[in-house]
Amino acid sequence: SSFFFFKQKTAYEMLRSLVGSEMCIRDSRYINNGFGFFDECAARLGEDPREEDSVYNRINQVFDWFPLAAIVEDKIFCVHGGIGQSLNYIEQIESVQRPLDIVHEVETPEEQLVVDILWSDPTDNDNELGIHPNTIRDPYGTGNIVKFGPDRVQQFLEQNNLSLIIRGHECVMDGFERFAAGSLITVFSACLLYTSPSPRDRQK
């Protein structure tokens, strides 16, 4: 399934799993390779991550089957990135086929949907409506990764009978940040990741 459905007592575990992790969860092999997970597995486990039975490859295979979103108590939509330009109804997510091969060069509507769910961001403030280019995440201007305004948030919530979106994906220095008059909350629990030297740097 492309969804987790949770009742209240398991909501915290779901948020940790789906929204909170910035290292590997719901990212592509390209990201996991380029941002250190590949090298970490090779260094710590003494393995060749390119081998089919490597820990690196098996973890990525698990991610290929991970849900893209979750709904808590039928009202709270939880996702890593956002709703982007193409996600209008939660039923669209249910139709995504597994295992999921995440691509960076979008060619189909389903690939665009996945990119929107994983990597889109809210606009910079509640006054920026509609869809805007995301120049930080899409420096080449492909138009695949976008920012979505508060009007998109309200429309999505109303169309799906939801009350709140919770997402991660961006560093917010207070740990959380409200958007769309509080209808969307960005949660980020690893702010020190961007303000402190990495363990590798501290050892130098």
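Quick caveat: nothing in here was measured; it's all calculated off a predicted structure.

K.L.:
What's the story with the overall build of the chain in this structure? I'm lost.
P.N.:
What the chain contains, in helices and strands, is eight helices and nine strands. Taking all 204 residues of the chain together, 45% fall into the buried category. By sequence separation, contacts in the chain at least 24 residues apart represent 63% of the contacts at least 6 residues apart. Put simply, the chain shows about 11,600 Å² of open surface, and 52% of that area lies on carbon and sulfur atoms.

K.L.:
So what exactly am I meant to see when it comes to the packing of aromatic side chains here?
P.N.:
Given two aromatic rings, their pairing is described by the distance between the two centres and the angle made by the two planes. The full count for this structure, using the stated rule, is four aromatic pairs. Centroid distance Phe37 to Tyr56: 5.6 Å. Interplanar angle 40°. Geometry classified as tilted. Linking Phe37 in helix α3 (residues 37-45) with Tyr56 in helix α4 (residues 55-63), this pair joins segments that are 19 residues apart in sequence. A single burial state applies to Phe37 and to Tyr56, both of which are buried.

K.L.:
So what exactly am I meant to see when it comes to the packing of α3 against α4 here?
P.N.:
Angle between the axes and distance between the axes are the two parameters that describe a pair of packed helices. In contact at an axis separation of 9 Å, α3 and α4 are set at 140° when each is read in the N-to-C sense. Viewed along their axes, α3 and α4 adopt a mutual orientation that is oblique. From α3, Phe37, Phe38, Cys41 and Leu45 reach across to α4, where they touch Val55, Tyr56 and Ile59. A class-by-class count of the residues in the contact of α3 with α4 yields seven nonpolar, no polar and no charged.

K.L.:
What is the right way to look at unusual backbone geometry in this model?
P.N.:
The bulk of non-glycine residues show a negative phi, and the bulk of peptide bonds are trans. Cis geometry is found at the peptide bond from Arg98 to Pro99, where omega equals -5°. Among the structural elements, Pro99 can be located in the loop between α5 (91-94) and α6 (109-119). The phi dihedral of Glu73 is positive, around 55°, even though this residue is not glycine. Within the element layout of this structure, Glu73 appears in the loop between β2 (69-72) and β3 (76-79). Classification of Glu73 as partly exposed rests on a relative accessible area of 35%. The backbone of Asn161 sits at a positive phi, close to 55°, despite the residue not being glycine. Within the fold, Asn161 resides in the loop between α7 (150-159) and β7 (164-167).

K.L.:
Hey, could you run me through the nonpolar core in this one?
P.N.:
Soluble, globular proteins show a tendency: their nonpolar side chains are buried together. Within the largest apolar cluster, 29 residues are counted, with the highest numbers of intra-cluster contacts made by Leu68, Phe77, Leu87, Val153, Phe156 and Ile165. Looking at this core, the elements that each hand over two or more residues are β2, β3, α6 and α7. At six residues, the largest contribution of residues to this core is made by α6. Grouped together as the second largest cluster of nonpolar side chains are six residues, Ala70, Leu164, Ile166 and Ile185 included.

K.L.:
Can you help me understand the pattern of salt bridges in this one?
P.N.:
Working definition: two side chains of opposite charge can pair if their charged atoms are close together. The full count for this structure, using the stated rule, is five salt bridges. Residue Asp121 is joined to Arg137 by a salt bridge in which the shortest nitrogen-to-oxygen separation is 2.5 Å. Separated by 16 residues along the polypeptide, Asp121 in strand β4 (residues 121-122) and Arg137 in the loop between β5 (131-133) and β6 (146-148) bring together distant segments of the chain. Accessibility expressed as a relative area gives 2% for Asp121, which makes it buried. By relative accessible area, which is 32% here, Arg137 ends up partly exposed. Asp121 is paired through a salt bridge with Arg167; the nearest N and O atoms lie 2.7 Å apart. One end of the pair, Asp121, is in strand β4; the other, Arg167, is in strand β7, with 46 residues separating them in the sequence. Each member of the pair, Asp121 together with Arg167, is buried. Here the residues in one salt-bridge network are Asp121, Arg137 and Arg167, joined through shared partners.

Rules and cut-offs
Residues numbered from 1 in each chain as written. Predicted model: local features only at pLDDT ≥ 70, side-chain atom pairs only at ≥ 80, totals over all residues. Heavy atoms only, no water. Helix = DSSP H or I, 4+ residues; strand = E, 2+ residues; numbered from the N terminus. Buried < 20%, exposed > 50% of the residue type's maximum accessible area, 1.4 Å probe, protein only. Contact = heavy atoms within 4.5 Å. Areas by Shrake-Rupley, 256 points an atom, 1.4 Å probe, with all protein chains shown as cover. Phe/Tyr/Trp six-rings, centres within 6.5 Å; stacked < 30°, edge-to-face > 60°. Axes fitted to C-alpha atoms, helices over the stretch in contact; angles between N-to-C directions. Parallel < 35°, antiparallel > 145°, perpendicular 65-115°, else oblique. Nonpolar A, V, L, I, M, F, W, Y, C, P; charged D, E, K, R; others polar. Core = buried A, V, L, I, M, F, W, Y, C linked by side-chain atoms within 4.5 Å. Salt bridge = Lys/Arg side-chain N within 4 Å of Asp/Glu carboxyl O.

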